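As a plain string of letters, each chain reads:
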Amino acid sequence: MTLPSKDTPVTTRDFLSWKSQGRKIVTVTAYDALFGRLVDEAGVDCVLVGDSVNQVLAGEPSTLSATLEQMIYHARAVRRGVKRALVVVDLPFLSYQVSREEAVRNAGRVMKETGAQAVKLEGGAAMAPTVSALVEIGIPVMGHLGLTPQSVHALGGYRVQGREVETARRIESDAAALESAGVFSIVLELVPAALAGKITAARGVPTIGIGAGAGCDGQVLVLPDLLGLNDGFAPKFLKRYASLADQVRDAVGRFGDEVRGGAYPDADHSF
Ligand code: KIV
């Protein structure tokens, strides 16, 4: 099994060889240089500048109002912090669906202005010609199937996708269409584990799961969820690896107490 050294930047080709080696691909989101650096130092393979930034950091109710400028701003910051991991940027809603020309121009701007190595877009067979157009001009594309948050209103909410035979078949054929169009990997979000495992076995490109069970070739979590910073959000698939929201409240509360009580700043913290 070839593991890239700490100094060798991850490429989309690594994704493909890791799938054939059975080496799991570790992905988290990041939205700024500080956390980009920390997750890169922690050894993740891929940093996704997700349009989830619009909900998690900007406080919007969905990803729908995320803009291209917003994604470029966050991706530039992340790119400054990340040395090794592959940086993938979400194309926001309406930046790639209107026409192939707009998709090429907008994805091209992301690549030119951020230094990221790939883009991600949502959708299956209907998006295949757009994926091909991007891949043909040298832009690597990650697909996204299952619960596609930019279609939350059409899907009737943030619900598991593919429980019914017909929907499951459609997700399977969408995955095949994306692979034929040239994606280097596919995110499977909120999909039953058995279906995700079946798609993973059938496809030559890696699947990255979120709420899609252990059979995927890799896993992705939204960083503030993983860190327990976004403590109001508790879906079944989420495992928290820290409780940072509690630590933030405690630390800032103690700072406030010390300022009000005159204990900070003391002589040790003054000039
Ligand atoms: O925007 C995002 O963070 C994502 C992940 C949930 C995969 O698309």
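A quick note: this is a predicted structure, and the numbers were derived from the prediction, not measured. (Residues numbered from 1 in each chain as written. Predicted model: local features only at pLDDT ≥ 70, side-chain atom pairs only at ≥ 80, totals over all residues. Heavy atoms only, no water.)

Moving on, we get to the site of the ligand. Looking at the ligand, the residues that line it are Thr29, Leu48, Gly50, Asp51, Ser52, Asp90, Lys120, His144, Glu189, Ile210 and Val222. Here the ligand has 260 Å² of accessible area as a free molecule, and 95% of this is covered by the chains. A majority-of-atoms criterion places the ligand in the largest pocket. Taken together, the residues that form the shell around the ligand break down as three nonpolar, four polar and four charged. (Near = heavy atom within 4 Å. Areas by Shrake-Rupley, 256 points an atom, 1.4 Å probe, with all protein chains shown as cover. 1 Å grid on protein atoms, 1.4 Å probe; cavity = no way out; pocket = protein on both sides within 12 Å on 5 of 7 lines; lining within 4 Å. Sits in = over half its atoms within 2 Å of the grid points. Nonpolar A, V, L, I, M, F, W, Y, C, P; charged D, E, K, R; others polar.)

Of all six residues in strand 5 (residues 141-146), six are buried, a share of seventy percent or more. Two strands pair when backbone bridges link them, and strand 4 (residues 118-120) and strand 5 are joined in this way by two bridges, in the parallel orientation. The residue of strand 5 that forms the bridge with Val119 is Val141. With helix 6 (residues 128-136) bridging strand 4 and its parallel neighbour strand 5, the resulting β-α-β unit is right-handed. Of the pairings in the sheet, the one linking strand 5 to strand 6 (residues 185-189) comprises five bridges and is parallel in character. (Buried < 20%, exposed > 50% of the residue type's maximum accessible area, 1.4 Å probe, protein only. Helix = DSSP H or I, 4+ residues; strand = E, 2+ residues; numbered from the N terminus. Pairing = 2+ DSSP bridges. Right-handed = clockwise from strand over helix to strand, strands pointing away.)

We now examine the nonpolar core. Here is a general trend for soluble globular proteins: nonpolar side chains tend to be buried in one another's company. Val47, Leu91, Val119, Leu121, Leu134, Ile186 and Leu188 are the most contacted members of the largest nonpolar core, which has 54 residues in total. Filtering out sequence-adjacent residues up to four positions away, Leu121 remains in contact with Leu91, Tyr96, Met127, Thr130, Val131, Leu134, Val141, Met142, Gly143 and His144. Among the nonpolar cores identified, the runner-up in size contains 15 residues, and Leu48, Leu86, Val88 and Val220 belong to it. (Core = buried A, V, L, I, M, F, W, Y, C linked by side-chain atoms within 4.5 Å. Contact = heavy atoms within 4.5 Å.)

Turning to helix 5 (residues 100-114), a few remarks are in order. A rise of 1.5 Å per residue sets the reference length of helix 5, with its 15 residues, at 21 Å; its end C-alpha atoms lie 21 Å apart and thus fit the reference within 8%. Regarding helix 5, the residues found buried are Ala103, Asn106, Ala107, Gly108, Val110, Met111 and Thr114. Where the residues of helix 5 are buried, they touch helix 4 (68-81), strand 3 (86-90), strand 4 and helix 6. Within two residues after helix 5, Gly115 carries a phi angle of roughly 80°, on the positive side. (Expected span 1.5 Å × (residues − 1).)

Of note, Asp225 is situated in helix 10 (residues 223-226). Comment: no salt bridge for buried Asp225; closest opposite-charge side chain is Arg240, at 7.0 Å. (Lys, Arg positive; Asp, Glu negative; His and termini not counted. Salt bridge = Lys/Arg side-chain N within 4 Å of Asp/Glu carboxyl O.)

Time to look at the pattern of salt bridges. Under the defined criterion, the tally for this structure stands at 13 salt bridges. Lys19 serves as the salt-bridge partner of Asp217, at 2.7 Å between the closest nitrogen and oxygen. With a gap of 198 residues between them, Asp217 in the loop between strand 7 (207-210) and strand 8 (218-221) and Lys19 in helix 1 (residues 12-21) connect regions that are remote in the sequence. For the pair Asp217 and Lys19, a shared accessibility class is recorded, and that class is buried. Taking the shortest distance from any N to any O, the salt bridge between Asp231 and Arg249 comes out at 2.6 Å. Placement of Asp231 in the loop between helix 10 and helix 11 (244-261) and of Arg249 in helix 11 is noted, with a sequence separation of 18 residues between them. Bridged by salt links that share partners, the residues Arg23, Asp45 and Arg84 form one connected network.

Quantified by volume, the largest pocket comes out at close to 630 Å³. Ser52, Gln55, Glu189, Val222 and Phe233 are, among the 30 residues lining the largest pocket, the residues nearest its centre. Those elements giving two or more residues to the lining of the largest pocket turn out to be helix 3 (53-56), strand 6 and strand 8. Classifying every residue of the lining of the largest pocket gives 16 nonpolar, seven polar and seven charged. Put simply, the second largest pocket is a space of about 360 Å³. Mapped onto the lining of the second largest pocket, the elements with two or more residues apiece are strand 1 (25-29), strand 7 and strand 8. Across the lining of the second largest pocket, the residue classes tally to 14 nonpolar, five polar and one charged. (Points joined across faces, edges and corners; volume = space filled by probe spheres on them.)

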